[in-house]
Amino acid sequence: MRRSSTVRAAVLGLAALLLLPGAALADTFDAAGKGLPDSVGINSLWVIVAGCFVMFMQAGFAFLEIGFSRGKNAGTVVAKILTNFSIAAILYWAVGFAFAFGGATGHIIGDTGFFLRDFGDPQKAFPIMGLSDATIESKWFFQFVFCAVSLAIVWGTTLERIKFGVYVIYAVIFSALIYPIASGWVFGGGWLQVNVGMQDFAGSTAVHLIGATGALAALLLLGPRRGKYGPDGKARAIPGHNMPLFGLGVLILWLGWFGFNPGSTLGALDGRFTEVLLVTQMAASAGVLGALITARLKTGQIDIGMAGNGAIGALVAITAPSGYVAPWAGVVIGFIAGIIVPLGVYAIDRKLDDPVGALTAHGLCGVWGTLSCGLFTLPSLAAYNAVGKPGLFYSGSFHQLGAQALGVVTVFAFVFAASYGTFWAIKKTYGLRVSADEEDAGLDISEHGMYGYPEQFIPIPELVGYGAAPHVATPAPQPAGAAAVSSTQEVTA
């Protein structure tokens, strides 16, 4: 009898969970029945479209990381991207969005909107987004894909030697706690935004520096790839296997930024998103040129990787000020970010093995972009956004620059401590990196049991059904009577 009651209670509980979305949407549907303003549909559509652009950045990260990896580690990136994106969705729906945006302004951690239900009036439950009447579901989607981007940034420094399970464990902690709390302080109506007046329109700190800080914590405990540093301690180049794929990834990320920054207006009717798009484009273009010029002066070469990372670094830098500065300032901010990229990558590579340059492009450029608000923020846009004060060049005051610096230091300290503690615990229990033999074989085969490029790595006698096997030189003549031997040597990459 007791067992029957337990089963009945479990079934009723499951039914209640399935009805939760209905409870969450009741207010919206009731209002729709009475006639919603056209602005709700228009603004919601814009936010969803912008969010889809940001979601497509996951493909950009995949191509960029695959291009910068060796061929034996190409496939694992796909599994990592899909797994992390899915974990972030579930956790950000359950608790992350509530921690970041829920409750009264000036919060340290939000307390309203778990599972997107029982929040009442969304304008009061999530007040920092109250200027937009887009539906809360569209706003959740837009903010979730931001969380997924920040999580994707973490793993650029860890390519080719980290255990796959580490992705899963850290993704849960990051999506549920680290990212929601820190980003909420900066642009979720938290204390840094409301009480300090820190300006970050779309996430130079709230998305990119958070991701880069987690990446630094992981890298310090993980160590470099085998063979990266010689006996003399000098760095050796480990080239990526596909620069065209890297270039495609950069262009996809660049396109995604037109959702990232303009979409942060959370509305289309005032036309501001077009101004933000213009500033974003100017900065990115200047970043490419700044990086190419700097790399040429430093090495005498037109560096392909620096051209791409110059664009990304500039896009990261303009993310915070994109809704606060004039187009001319965007050019200056982007060009300086382009200079930072090669100088930062060359300096960091001497001591830390960061295969994609994430610490520079997302970390150093994220810091620069955040601080640039304290220099270039227009008085009219500070007033329009109702956050912070004008920049130094307009006000003659260091007040806003100080607020930006305080925000950067605070977020870095919190995220680094939380991430380092998480990775330290993982290292002591589950372990962070694969064995030396597994690293030499490649993560595709050691972690997933398959190759991203089977024609390159599977011995030719086993390539059954492949019509385009790799070209192999004609073997040398064998002595009479010698048995033919098939090589099982894998091609290095």
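Whatever comes next refers back to the structure up there.
From a predicted model like this one, the values you see are computed outputs, not experimental measurements. (Residues numbered from 1 in each chain as written. Predicted model: local features only at pLDDT ≥ 70, side-chain atom pairs only at ≥ 80, totals over all residues. Heavy atoms only, no water.)

(A) Local environment of the nonpolar core. By size, the foremost hydrophobic cluster in this structure holds 116 residues, and its most contacted members are Phe144 and Phe423. In contact with Phe423, not counting residues within four places along its chain, are Val154, Trp155, Val166, Tyr170, Gly214, Ala217, Ala218, Leu221 and Leu432. (Core = buried A, V, L, I, M, F, W, Y, C linked by side-chain atoms within 4.5 Å. Buried < 20%, exposed > 50% of the residue type's maximum accessible area, 1.4 Å probe, protein only. Contact = heavy atoms within 4.5 Å.)

(B) Seen up close, the pattern of salt bridges. Inspection of the entire model under this criterion finds 9 salt bridges. The partner of Arg70 in a salt bridge is Glu160, and the shortest N-O contact between them spans 3.1 Å. With a gap of 90 residues between them, Arg70 in the loop between helix H2 (38-68) and helix H3 (74-101) and Glu160 in the loop between helix H5 (136-154) and helix H6 (164-187) connect regions that are remote in the sequence. On the basis of relative accessible area, Arg70 is assigned to the buried category, the value being 15%. Its salt-bridge partner being Arg225, residue Glu160 comes within 2.7 Å of it at the nearest N-O pair. (Salt bridge = Lys/Arg side-chain N within 4 Å of Asp/Glu carboxyl O. Helix = DSSP H or I, 4+ residues; strand = E, 2+ residues; numbered from the N terminus.)

(C) Layout of the packing of helix H8 (residues 204-222) against helix H13 (residues 358-376). Between H8 and H13, whose axes approach to 8 Å, the crossing angle comes to 140 degrees. Here H13 runs oblique to H8, going by the angle between their axes. Classified by chirality, the crossing of H13 by H8 is left-handed. On H13, the residues touching Ser204, Thr205, His208, Leu209, Ala212, Ala215, Leu216 and Leu219 of H8 are Ala358, Leu359, His362, Gly363, Gly366, Val367, Gly369 and Thr370. Looking at the contact of H8 with H13 residue by residue, the classes come out as 8 nonpolar, 8 polar and no charged. (Axes fitted to C-alpha atoms, helices over the stretch in contact; angles between N-to-C directions. Parallel < 35°, antiparallel > 145°, perpendicular 65-115°, else oblique. Left-handed = near helix turned anticlockwise from the far one by under 90°. Nonpolar A, V, L, I, M, F, W, Y, C, P; charged D, E, K, R; others polar.)

(D) Inspection of the packing of aromatic side chains at higher detail. Taken as a whole and assessed by the stated rule, the structure comprises 31 aromatic pairs. Ring centres of Trp46 and Phe273 lie 4.7 Å apart, and the angle between their planes is 35 degrees; on these two criteria the pair is classed as tilted. With Trp46 in helix H2 and Phe273 in helix H10 (residues 272-299), the pair connects residues that are 227 residues apart, well separated along the chain. The ring of Tyr430 is capped by Lys163, whose NZ or CZ atom sits 4.9 Å from the centre of that ring. (Phe/Tyr/Trp six-rings, centres within 6.5 Å; stacked < 30°, edge-to-face > 60°. Lys NZ or Arg CZ within 6 Å of the ring centre and 35° of its normal.)

(E) Expanded view of the environment of Leu151. In this structure, Leu151 sits in helix H5. The sequence separation of Leu151 and Ala171 amounts to 20 residues, and the corresponding C-alpha distance is 7.0 Å.

(F) Fine view of the packing of H6 against H8. Remark: H6 packs on H8, axes separated minimally by 9 Å, with the N-to-C direction vectors making an angle of 140 degrees. Comparing their axes, H8 and H6 come out oblique. H8 is crossed by H6, and the crossing has right-handed handedness. From H6, Tyr170, Phe174, Tyr179, Ala182, Ser183, Val186 and Phe187 reach across to H8, where they touch Thr205, Ala206, Val207, Ile210 and Gly214. Each residue belonging to the contact of H6 with H8 can be placed in one class, and the counts come to 9 nonpolar, 3 polar and no charged.

(G) Structural detail: the side chain of Ser264. Mapped onto the elements, Ser264 comes out in the loop between helix H9 (243-260) and H10. The exposure class assigned to Ser264 is buried, which follows from its relative accessible area of 15%. Polar contacts involving the side chain of Ser264 include one to the main-chain carbonyl oxygen of Phe260, which spans 2.8 Å. Other than its neighbours up to four places away in sequence, Ser264 contacts Phe142, Phe146, Phe201, Ala202 and Gly259. (Polar contact = N/O pair within 3.5 Å; in protein donor to acceptor, adjacent residues only side chain to side chain.)

(H) Highlighting unusual backbone geometry. Backbone geometry places Phe115, a non-glycine residue, at a positive phi of 60 degrees. Its place among the elements puts Phe115 in the loop between H3 and helix H4 (122-125). Unlike most non-glycine residues, Ala386 shows phi in positive territory, near 60 degrees. Judged by its relative accessible area of 65%, Ala386 falls in the exposed class.

The analysis is restricted to geometry; functional conclusions fall outside its scope.
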